[in-house]
Amino acid sequence: MYGYTYGQLRHEEQKLYRARGIKVINFQQIAPNIITDQNKNRTLQDHEIHPTAETAQKLGYALAKKIAD
């Protein structure tokens, strides 16, 4: 609809954040089984981008574990 894919948007956002010194967290690297193609209708509130509260909590725990390690 806007002339770019969601993947292209994510890539450009990451470039911008890194250029500004902002740490980018890739949850697919640190917690690849929390959100998958098979469960996205249950784990993502809008089935595309925004996690449900339960999923956000799981992502937070995964991030805290990664920081603690």
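Note that the coordinates shown come from a computational prediction; the quantities given were computed from them, not determined experimentally. (Residues numbered from 1 in each chain as written. Predicted model: local features only at pLDDT ≥ 70, side-chain atom pairs only at ≥ 80, totals over all residues. Heavy atoms only, no water.)

### With respect to the overall build of the chain
Right, on to step 1. Within the chain one finds four helices and zero strands.
Right, on to step 2. For the chain, the sequential pattern of α-helices and β-strands runs α-α-α-α.
Right, on to step 3. Projected onto its principal axes, the C-alpha coordinates of the chain cover approximately 30 × 30 × 15 Å.
Right, on to step 4. A burial count over the chain gives 14% of its 69 residues as buried.
Right, on to step 5. If you take every contact in the chain between residues at least 6 apart in sequence, the share linking residues at least 24 apart comes to 34%.
Right, on to step 6. For the chain, the exposed surface amounts to about 5,900 Å²; the carbon and sulfur share of it is 53%.
Right, on to step 7. Computed over 10 positive and 7 negative side-chain charges, the inter-centroid distance for the chain is 7 Å. (Helix = DSSP H or I, 4+ residues; strand = E, 2+ residues; numbered from the N terminus. Buried < 20%, exposed > 50% of the residue type's maximum accessible area, 1.4 Å probe, protein only. Contact = heavy atoms within 4.5 Å. Areas by Shrake-Rupley, 256 points an atom, 1.4 Å probe, with all protein chains shown as cover. Lys, Arg positive; Asp, Glu negative; His and termini not counted. Charge placed at Lys NZ, Arg CZ, Asp CG, Glu CD.)

### So, the pattern of salt bridges
Right, on to step 1. Scanning the model with the defined rule gives four salt bridges in all.
Right, on to step 2. Lys65 serves as the salt-bridge partner of Asp69, at 3.5 Å between the closest nitrogen and oxygen. For the pair formed by Asp69 and Lys65, the shared burial category is exposed. (Salt bridge = Lys/Arg side-chain N within 4 Å of Asp/Glu carboxyl O.)

### Here's the deal with the environment of Pro51
Right, on to step 1. Here Pro51 shows up in the loop between helix H3 (40–43) and helix H4 (53–68).
Right, on to step 2. Of the residues examined, Pro51 reaches a relative accessible area of 30% and is grouped as partly exposed.

### Observations regarding the confidence of the model for the chain
Right, on to step 1. Averaged over all residues, the pLDDT of the chain equals 93, while 100% of them reach at least 70.
Right, on to step 2. Averaged pLDDT values for the elements of the chain fall to 93 in helix H1 (residues 6–19) and rise to 96 in H4. (pLDDT = per-residue confidence, 0-100.)

### Thoughts on the environment of Tyr4
Right, on to step 1. Mapped onto the elements of the fold, Tyr4 is located in the segment before H1.
Right, on to step 2. Judged by its relative accessible area of 45%, Tyr4 falls in the partly exposed class.
Right, on to step 3. Sequence separation between Tyr4 and Gln57 is 53 residues; the distance between their C-alpha atoms is 30 Å.

### What about the side chain of Thr52?
Right, on to step 1. With respect to the helices and strands, Thr52 occurs in the loop between H3 and H4.
Right, on to step 2. At 2.9 Å, the side chain of Thr52 and the side chain of Thr55 are in polar contact. (Polar contact = N/O pair within 3.5 Å; in protein donor to acceptor, adjacent residues only side chain to side chain.)

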